[in-house]
Amino acid sequence: MATQQQDAPTLAKEAETSLPTIDADAHVIETERTWEYMDASDERYRPVLVAPVRGGGERPRWLVDGQVRGFGSPSREPGRMEEREKTSGRTILTPEESAQMADVDARLRHMDEVGVDIQVLHTSFFIRRVADRPEVEAALTRSYNRWLADVTQGSEGRLRWTAALPFMAVDEAIAQLEWSVAHGACGVFMRPVEAQGIVTEPYFYPVYQAAERLNVPIVLHVGNANEEVNSVLGRAPGESAFTSFKLMLVACAHALIFSEVPSLFPGLRWAFLESGAGWAPHVVTDLRQRVRGPREGAGKELSPTVFADNRMYLMYEVYEDLPHIIEYTGEDSLVVGTDYGHTGQSTQIDAMRRMAGRGDVDARVVDKMLRRNPATLYGL
């Protein structure tokens, strides 16, 4: 377990406000156009959008290799989204053409309106398992990465993205990662639970080695690609994304700190997105006791800067108790995201403006969260 400060990328010593405001967690909504970048030999794997089973406000799904997978765009039934925004008290509406990357200029204009200079884009489709065969997964991720490389190239660096990788085929995953970074990707999108296990599995080490070499982080976003885990946690009364998605991400953060992985890859950065940061005090408190146990040997202490030591960044959500969280994370390990394009609990399109106007922490800390911390995380 790493407990000492590791070298991390540093920025020039300039005023924080001279740096761009970075939305660490924005999304794209995949459409039929996403799959137009498939090789001709992969056309048989092309997803087909199918209508909701029960109609009404349900979202359409994708048919992939004979199985129904992921979701299409949220329902745009007139008044439905506006009512949801009103009742939630959060700004969640985004122009459909922006969320789907059909009009990049419109997205950039909307970013200007909500005070964002740069967005880091993540997938919506790959949050869940999308294929059972390596060749199908590879075809899907290859097309997705090509699509984002193409549609973001005219954004003058304001739209960056994380690569979706075919983890069922490690060599192909590394090849796609190298291509993606060369074409604008600034991270690796990874689910907390893959089919092969959680983040500390040695199976993933070759990908980590490649990411470290390419100077891009592993971005763990709420999600779950392990159907065995989903069958237990995702289909019971009272189940929600908290049960099957968010808790998995917290477990991965705990396991990562408790493992040798950060020491094996001392230049690799890690992000934990869309699960909030309110879990940090519990993880730190638990680890402080656990490292004193027989498994790690008596007398050890957890560093007070454990997240920074392990180059781990947590995404703060605007409704959380920020002063309390900072006591456990410090100032250098928190970033902010809007969840742009989605409509869930974490979505707050004007999160950057809300952060800038708060008075419970020093403005200097807020600037770090909006600018320097995400810039360091993504190597921007």
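Please read all numbers here as calculations on a predicted model, not as lab measurements. (Residues numbered from 1 in each chain as written. Predicted model: local features only at pLDDT ≥ 70, side-chain atom pairs only at ≥ 80, totals over all residues. Heavy atoms only, no water.)

**Quick look at the sheet that holds strand β10 (residues 218–221)**
In any sheet, the strands associate via hydrogen bonds between backbone groups, in a parallel or an antiparallel arrangement. A sheet is described by the order of its strands in space; here 8 strands give the open sequence β1-β5-β6-β7-β10-β11-β12-β13, paired in parallel fashion. Because the sheet does not close on itself, it has two edges, and the strands there are β1 (22–27) and β13 (334–336). Pairs of neighbouring strands in the sheet enclose a mean axial angle of 30 degrees, with direction left out of account. (Pairing = 2+ DSSP bridges. Helix = DSSP H or I, 4+ residues; strand = E, 2+ residues; numbered from the N terminus. Axes fitted to C-alpha atoms, helices over the stretch in contact; angles between N-to-C directions.)

**Observations regarding the packing of aromatic side chains**
Applying the stated criterion to the full structure yields 15 aromatic pairs. Considering the side-chain rings of Trp62 and Phe125, the 6.4 Å spacing of their centres and the 80 degrees angle between planes classify their relative orientation as edge-to-face. Remark: Phe125 occurs in the loop between β5 (118–122) and α4 (134–152) and Trp62 occurs in strand β3 (residues 61–64); sequence separation between them is 63 residues. Summarising the burial analysis for this pair, Trp62 and Phe125 share the class buried. Seen in terms of ring centroids, Tyr144 and Trp147 are 5.9 Å apart; in terms of plane orientation they differ by 55 degrees. Their pairing is tilted. With Tyr144 and Trp147 both in helix α4 and 3 residues apart, this pair spans about one turn of that helix. For the pair formed by Tyr144 and Trp147, the shared burial category is buried. (Phe/Tyr/Trp six-rings, centres within 6.5 Å; stacked < 30°, edge-to-face > 60°. Buried < 20%, exposed > 50% of the residue type's maximum accessible area, 1.4 Å probe, protein only.)

**Remarks on helix α14 (residues 363–378)**
Given 3.6 residues per helical turn, the α-helix brings residues three or four places apart onto the same face. With 16 residues, α14 extends 22 Å from end C-alpha to end C-alpha; this agrees with the ideal 22 Å at 1.5 Å per step. Roughly 45 degrees is the biggest bend found in α14, and it falls at Met369. Where burial is concerned, most of α14 is hidden: 13 out of the 16 residues are buried. (Expected span 1.5 Å × (residues − 1). Bend = angle between axes of the 7 residues up to and from the residue.)

**Focus: the confidence of the model for the chain**
Confidence along the chain averages 84 in pLDDT terms, with 80% of residues attaining 70 or more. Contacts of residues 2–15 to residues separated by more than four positions or lying in other chains number 25 contacts, the stretch itself having pLDDT below 50. (pLDDT = per-residue confidence, 0-100. Contact = heavy atoms within 4.5 Å.)

**Remarks on the environment of Arg69**
One can find Arg69 in strand β4 (residues 67–71). With 61 residues separating them in the primary sequence, Arg69 and Val130 have C-alpha atoms 5.8 Å apart. Contacts of Arg69, omitting those with residues within four sequence positions, involve Arg61, Trp62, Val64, Phe125, Arg129, Val130, Ala131 and Asp132. Among the polar contacts made by the side chain of Arg69, one reaches the main-chain carbonyl oxygen of Val130 at a distance of 3.4 Å. (Polar contact = N/O pair within 3.5 Å; in protein donor to acceptor, adjacent residues only side chain to side chain.)

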